[in-house]
Amino acid sequence: MIKNYLTVAIRNISRNRTFSAINIVGLAIGLASCILILLFVQRGFRVNRSHEKADRIYRVIQETHREDKTLSWSSGTPGALGPALKSEFPEVHEGVRFLRRASILEGNGKTFQQTVSLVDKSLFDVFTFPFLKGDQQTALRDPKSIVITESTAKQFFDNADPMGQIITIYNRQFRGDYLVTGILKDLPRETTLRFDVLVIDPNRSASTRRYWEEWAQTDNIRPVENYVLLPEGYDPKILERKLHDFTLSHLEPEEAEITTYHLQPFVRIYLYSYTDYGVWRDGIGTIYLLSAIAAFVLLLACINFANLSTARSVERAKEVGLRKVVGAHRLQLICQFLGEALLMASAALLIALGLVELSMPSFNDLIRGDIKLTAESLINLLSSLICITLLTGLLAGSYPAFFLSTHQPVETLKGVFKTGGSGAWLRKGLVVFQFSISVFLIISTFAVHKQLTFMLNQNLGFDPTRIILLPLFKQNQEMVKQEDRLSNRYEQIKVAFLQNLNIQKATAFRLVPIINGPISGGIPRRIRLEGLQKEQQIPINEVDETFFDTFGIELVIGRTFSPGQARHFTAEFIINETTAKQFGWKDPIGKQIEWVGSGSGTVVGMVKDYHFSSPKKNIGPQIFAKRISLFTQIGLKIREGDLTQTRHFLEATWKQFVPTQAFEYALLEENINRVYWDVQRLMKISGISSVLTILIASLGLFGLASFTAQQRIKEIGIRKVLGASVSTLVLMLSKEFALLVGIANLIAWPIAYYAMHRWLQDFAYRIDLEIWAFVLSGFLALLIALTTVSYQAWKVARTNPVDALRYE
């Protein structure tokens, strides 16, 4: 019997190649989308799972209640927190601190920049990091020992044995020579703990000791992450409730009043950090978005399959009647049709795997990942793929199977087969559903594209065009003592670069606007402003006297900084307009600003507001100081033209000052465009989704048009005999589908408006949703639908009426 089912299924599929190909391709697209998303989801849920005790590890999150009633969360916490938790709470089995810094390392005559992480000796009692060489019990026993990853070992020592070799760290926080005592297997990509080198010695810098050993709340800089290991099955909420009294006993009353500590499961960091606490990234949002799109695409493919199968129901109705006459039961017919659907779904799966392989590079570019379709990943997904294929086949074939198996043989063999009103309404409803999703995605694509265009063309308040960034001082900063830093010669270096006629202006500064993320406007500092008793937290960026001119930032009143040295501090400050407005300074020139703990100075100028942080946010207060020792960058304004010759000059000049460091440069405008990557990704996703859904919806509409035309073939023949023209018949057959698309628009428009309105609330500066986007989306959907239907209607309308009426 199974052999008979298979033979009949293959014959039916091969006999109707066009319909079968459309069905299989539609299902393949849906399955390929699901496979890609499954690979992505699989990777997301593997993050941080490689550690044996992952389910017992928690990261401490600090919640701060601000004066404006808003809350902020940070994974950075005081270094003293971890040891205090372990000593005061027996349920804390162990604690580990991480302080990570990008540093220059030298070993075996080679120099590279690596991520150095200062950790506790208890690291390997909490986390699982497999060793290739060395012993985890003794590798970090000596303060002068260092553990490196496999990739770092290859960088410095090639194929030689690094054990016992010396690596020098040029960083004021970890400066010194270290002995390699262990080599770790490279960290899996599915981890939030990234580092190249591990050390345990915090005694190289006073600032490091302060952050590592003290509570250090006052300067708002907390670079240490604290992790704790709790008992198996322990509810972390129990410990969280105890932390209120703990906070009161360790922090100053004012700090304790605004500080709350939470315990975040280690396995939730990658996916749920933003959802839980608004920190770092939030992978679950991308997973939800991509999963929803994959589900919709697959669902539309199944709807398309059902519509196309139903469209062929007239042709197969007599087959069903004959089978019933010769004794076939309804269950056998259902098995026959479901078997065909499963066979087509299996074929679609094979094609889907090919589509996945072809689209993998583009998908990785979209998600910024390195997912690969390997034998191992397929084996891991095997059960999911089988279930999805079976479910797809059953879902796609269930309606045709149950629908066709109910036909009465007398009616089908007499040729008076009727589809029934309920079936017609269901098919129309499915088409409305398909095009509602399509219109929604078209509107979303328009809105996202317009918002991105608006952001890219937005006046940032400064001119990023033709500005080259050279992290010249940053390369040198960690390798020498403060008094010997290259930034102390910034004027001489600027003159050297200005020798080239293609370079118009030069400036030295610390933080790049927008590019340096949340701190791009400066490090938040404790500031006391004249006329205000209470201290304020205001970001300060260290810049030189030509910074504003080079970046095209307008000076409103006053002047810029005085030329000359201000190595350790500055007696002059410049503020932005928001600072003056927010604190009520009508005439800020001459006002006094105290940088608490560092000194005080006078406001000498005020500049126009510009977007120093994300353009999504409102511009906040900002202060500029001239503190040469903290400069990290050289910014160069170049003339228009070919950059090739200028680049050679830049590299040669770079080598004059840091000959051992690899030449680095970046174009500010290109880097700013990368800041909009999340919006650009959303635009790509919505665009791709629109194309896929419209394609599949059009296939479904093609099936329904074919079905309707076949149902009305005799009516069309009679109308043609009575003189109806082809155009009249095409219009008659098309207007019903135009009505369905119109209904889809009415459903999609309010949903799209609500969704896009909510999405735009994340942007401080945003577009208005205009009616043209909705009208144009509806028109495009209608045009696509009518093009699809009109072809089928035109094809039927041109048939010879004799062929339709010869048996009447």
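Residues numbered from 1 in each chain as written. Predicted model: local features only at pLDDT ≥ 70, side-chain atom pairs only at ≥ 80, totals over all residues. Heavy atoms only, no water.

Draft legend 1. A look at the packing of aromatic side chains. Inspection of the entire model under this criterion finds 29 aromatic pairs. A ring pair is formed by phenylalanine 462 and phenylalanine 551, whose centres lie 6.2 Å apart and whose planes are at 65 degrees; its orientation type is edge-to-face. With phenylalanine 462 in the loop between helix 15 (421-456) and strand 12 (467-470) and phenylalanine 551 in helix 18 (residues 547-551), the pair connects residues that are 89 residues apart, well separated along the chain. Phenylalanine 551 sits in the buried class, given a relative accessible area of 0%. Between phenylalanine 462 and tyrosine 610 the ring centres are 5.7 Å apart and the planes differ by 85 degrees, which places this aromatic pair in the edge-to-face class. Note that phenylalanine 462 is positioned in the loop between helix 15 and strand 12 and tyrosine 610 in the loop between strand 19 (599-607) and strand 20 (623-625), a separation of 148 residues in sequence. Of the two residues examined, phenylalanine 462 and tyrosine 610, each falls in the buried class. Aromatic ring contacts, followed pair by pair, group Phe462, Phe509, Phe547, Phe548, Phe551, Tyr610, Phe612 and Phe624 into a single cluster. (Phe/Tyr/Trp six-rings, centres within 6.5 Å; stacked < 30°, edge-to-face > 60°. Helix = DSSP H or I, 4+ residues; strand = E, 2+ residues; numbered from the N terminus. Buried < 20%, exposed > 50% of the residue type's maximum accessible area, 1.4 Å probe, protein only.)

Draft legend 2. Structural context of the packing of helix 17 (residues 490-497) against helix 20 (residues 644-657). At a closest axis distance of 10 Å, the pairing of helix 17 and helix 20 adopts a crossing angle of 150 degrees. The angle between helix 17 and helix 20 falls in the class roughly antiparallel. Seen along the crossing, helix 17 lies across helix 20 with a hand that is right-handed. Contacts between helix 17 and helix 20 pair Gln492, Ile493, Ala496 and Phe497 from the former with Phe649, Leu650, Thr653, Trp654 and Phe657 from the latter. Among the residues forming the contact of helix 17 with helix 20, the class breakdown is seven nonpolar, two polar and no charged. (Axes fitted to C-alpha atoms, helices over the stretch in contact; angles between N-to-C directions. Parallel < 35°, antiparallel > 145°, perpendicular 65-115°, else oblique. Left-handed = near helix turned anticlockwise from the far one by under 90°. Contact = heavy atoms within 4.5 Å. Nonpolar A, V, L, I, M, F, W, Y, C, P; charged D, E, K, R; others polar.)

Draft legend 3. Summary view of the confidence of the model for the protein. In this model, the protein carries a mean pLDDT of 81, and residues with pLDDT of at least 70 account for 84%. Strand 10 (residues 225-229) holds the highest mean pLDDT among the elements of the protein, 95, whereas helix 14 (residues 409-414) holds the lowest, 58. (pLDDT = per-residue confidence, 0-100.)

Draft legend 4. Seen up close, the nonpolar core. Within the largest apolar cluster, 49 residues are counted, with the highest numbers of intra-cluster contacts made by Leu39, Val356 and Phe363. Within the residue set of this core, elements represented by two or more residues are helix 2 (17-46), helix 9 (269-277), helix 10 (283-311), helix 12 (330-367), helix 13 (375-404), helix 15 and helix 22 (677-711). Apart from the residues lying within four places of it in its own chain, the contact partners of leucine 39 are Val356, Met360, Ile371, Leu373, Ser377 and Leu381. By size, the runner-up hydrophobic cluster in this structure holds 33 residues, among which are Val448, Phe462, Phe624 and Tyr676. (Core = buried A, V, L, I, M, F, W, Y, C linked by side-chain atoms within 4.5 Å.)

Draft legend 5. The arrangement of the side chain of glutamine 42 in detail. In this structure, glutamine 42 sits in helix 2. Classification of glutamine 42 by relative accessible area gives buried; the value is 18%. Setting aside anything within four residues of it in sequence, one finds glutamine 42 in contact with Ser377, Asn380 and Leu381.

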